[in-house]
Amino acid sequence: IVDNSVSQWVDVLTRDLTGITNTSYADWSNKIYVGGSSAVYAGHSAGGNSSIQLRTDNNNSGVVSTTSGGKVSKVQITWNINTTADRKVQIYGSNTAYSSAADLYDDGKKGTLLTTITYSTKGEAQTDTYAVSGDYKYIGIRSSSKALYIDEIQITWVAGN
């Protein structure tokens, strides 16, 4: 999605984009959302419940940008209704490129914790939007603990260094 009047691009990350469709965790990289920004994404995830499945326990999974799409202005999380209530996703910003999801578990590489978003009620549709304050060229998303399922991650980039 491109809006040239404000030079912004929205990348839509889904299980299909990651290419990971089974319930085994695996690395993926060099993924670009066609029609969006110039950002390149990598991650470590599974594909349970037809979603991007993330968890911290033993898997150190997440989604990161390895090439910037500009300046991150907004992140929207659309939860999968099979997620257990009170699961939390953490969003990080950095001005150093991530190399893999493992960077989100390294205090020297994970960047700044921007926000933590909580899924409220299992079985209920929920979408959360976070407007990023500050200038960050790279984004990282991970579970704060245990497994969670995300149908879609939308990352809005604006023109900038």
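Residues numbered from 1 in each chain as written. Predicted model: local features only at pLDDT ≥ 70, side-chain atom pairs only at ≥ 80, totals over all residues. Heavy atoms only, no water.

As for the overall build of the protein
From N to C terminus, the protein includes one helix and twelve strands. Secondary structure elements of the protein occur, N-terminal to C-terminal, as β-β-α-β-β-β-β-β-β-β-β-β-β. On C-alpha atoms alone, the protein measures out to a radius of gyration of 14 Å, which is about the 15 Å that the 2.2 N^0.38 rule sets for 161 residues. Counting only C-alpha atoms, the protein reaches 40 × 30 × 25 Å along its principal axes. Split into buried and exposed, the 161 residues of the protein put 48% on the buried side. Across the protein, every contact between residues at least 6 apart in sequence was considered, and the portion connecting residues at least 24 apart equals 74%. Positive and negative side-chain charges of the protein, numbering 13 and 14 respectively, have mean locations separated by a distance of 4 Å. (Helix = DSSP H or I, 4+ residues; strand = E, 2+ residues; numbered from the N terminus. Rg over C-alpha atoms; globule rule 2.2 N^0.38 Å. Buried < 20%, exposed > 50% of the residue type's maximum accessible area, 1.4 Å probe, protein only. Contact = heavy atoms within 4.5 Å. Lys, Arg positive; Asp, Glu negative; His and termini not counted. Charge placed at Lys NZ, Arg CZ, Asp CG, Glu CD.)

A look at the packing of aromatic side chains
On inspection of all chains with the given rule, the structure shows one aromatic pair. With centroids separated by 5.2 Å and ring planes inclined at 35°, the aromatic side chains of tryptophan 79 and tyrosine 119 adopt a geometry described as tilted. You can see tryptophan 79 sitting in strand β7 (residues 71-79) and its partner tyrosine 119 sitting in the loop between β9 (112-118) and β10 (127-131), a full 40 residues away along the chain. Grouping residues by exposure puts tryptophan 79 and tyrosine 119 together as buried. (Phe/Tyr/Trp six-rings, centres within 6.5 Å; stacked < 30°, edge-to-face > 60°.)

Digging into the sheet that holds strand β4 (residues 40-45)
Pairing is antiparallel across the open sheet formed by six strands, whose spatial order is β3-β4-β6-β11-β8-β9. Looking at strand neighbours, the two that pair on one side only are β3 (26-31) and β9, the edges of this open sheet. With direction set aside, neighbouring strand axes in the sheet form an average angle of 20°. For strand β6 (residues 62-67) and strand β11 (residues 138-143), the ladder comprises two bridges, and the chain directions are antiparallel. Each residue of the ladder has a partner; that of valine 64, found in β11, is glycine 140. (Pairing = 2+ DSSP bridges. Axes fitted to C-alpha atoms, helices over the stretch in contact; angles between N-to-C directions.)

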